[in-house]
Amino acid sequence: MIEEYKSIKNIAWKVMENAEKVLDEKKNILEIAEFLEKNILELGAEIAFPVNICVNHIAAHYTADINETYILKKGDVVKIDIGCHINGFIVDIAKTFCIKENNEMIKIVDKCLEEAKKVVKEGNKISEVGYVVEEIIKDTNLKVIRNLTGHRIDKFGLHAKPSIPNYKNFSSEVFEKDNIYAIEIFLTNGNGWVKESTYSNIFQFNKYVGVRNETARKILELADKKFKRLPFAKRWLKEFSLSVLEFSLNELLNKNALKKYPVLIEDGNGIVVQAEDTFFI
Ligand code: MN
Ligand code: MN
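Small disclaimer: the values here were computed from a predicted structure and weren't measured.

A.B. asks: Please clarify how the side chain of Asn169 should be interpreted in this entry.
C.D. replies: Position of Asn169 among the secondary structure elements: in the loop between β7 (157-164) and β8 (180-188). Taking the relative accessible area as the measure of exposure, Asn169 reaches 9% and is therefore buried. At 2.8 Å, the side chain of Asn169 forms a polar contact with the backbone oxygen of Tyr167. A polar side-chain atom of Asn169 sits 3.0 Å from the main-chain amide nitrogen of Ser171. Setting aside residues up to four positions removed in sequence, Asn169 forms contacts with Ser127 and Tyr131.

Here it is in structure tokens:
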């Protein structure tokens, strides 16, 4: 299993290298997302969640839309968050890039991850992560985003307890052998808090409910069988006409058959940087 996990992790970071190569000004983020998802499959893994591409003050849970219009421009701070798996063993990684410019914030968040990962060892307290991060950023103008954290990963379960805060805390949880942990750090020059927007384009199976609408029934079955109850993108359902798709997704959300991931935005409209890696102890 350790060998298999290493190979999935290698695939994820290979895809991230390719992300760095294709990110450029004047590119639509739909082109980037589709390229990277295809790349995951070509390299022999499955997609654990849609490639998230979050620009500037958007912190998390945004992926390209069906009719995406956002074109990257010089100076954009772009978070690429990639999830892949084999047999439900998920690797969840993220890195931030700045289009055609150097960005100090990215260097700092990368350093935080570099130092934080040294404490990910069996028996260490997970609270050490927050101490390491806060020590690094204390002389900068950056804040930790307090309501986004690292997390443990279960088989087919992306976000499992305990969560791993990036601020000083008194959690008594320790890193345990045979577990997978994502160390995931978000920093900002804004308020240090994200809020949910009213928009979502990532969804996930929650439960089967009775629905008469045939498209809704088909979507629910895809969410269960094809997407394996992992998060999926609205744009992966291109076979349905947009109006029927939207109507059906709403029906499934209202009936609690699906859950949604609202796009998360920095509360003070600050720029957000992210760095994430996954470790199998
Ligand atoms: Mn992630
Ligand atoms: Mn994560």
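A.B. asks: Before we go on, may I ask you to explain the sheet that holds strand β10 (residues 202-205) in this structure?
C.D. replies: Strand pairing in a sheet relies on backbone hydrogen bonds, with the paired strands running either antiparallel or parallel. Ordered in space as β11-β10-β12, the 3 strands form an open sheet in which the pairing is antiparallel. Both edges of this open sheet fall to β11 (232-233) and β12 (258-260), since each of them pairs with a single strand only. Across 3 bridges, β10 lies against β12 in antiparallel orientation. By the bridge assignment, Phe205 is partnered in β12 with Leu258. The sheet contacts of helix α5 (residues 214-226) involve β10, β11 and β12, and relative to β10 the element is tilted by about 80°. Set on the sheet, helix α6 (residues 242-254) makes contact with β10 and β12; between it and β12 the angle comes to about 100°.

A.B. asks: Which parts of the structure should I look at to understand the environment of Lys118?
C.D. replies: Of note, Lys118 is situated in the loop between α3 (104-116) and α4 (127-137). Residues Lys118 and Glu176, 58 residues apart in the sequence, show an inter-C-alpha distance of 15 Å.

Procedures and definitions
- Residues numbered from 1 in each chain as written.
- Chains lettered and ligands numbered in written order.
- Predicted model: local features only at pLDDT ≥ 70, side-chain atom pairs only at ≥ 80, totals over all residues.
- Heavy atoms only, no water.
- Helix = DSSP H or I, 4+ residues; strand = E, 2+ residues; numbered from the N terminus.
- Buried < 20%, exposed > 50% of the residue type's maximum accessible area, 1.4 Å probe, protein only.
- Polar contact = N/O pair within 3.5 Å; in protein donor to acceptor, adjacent residues only side chain to side chain.
- Contact = heavy atoms within 4.5 Å.
- Pairing = 2+ DSSP bridges.
- Axes fitted to C-alpha atoms, helices over the stretch in contact; angles between N-to-C directions.

In short, geometric facts, not functional conclusions.
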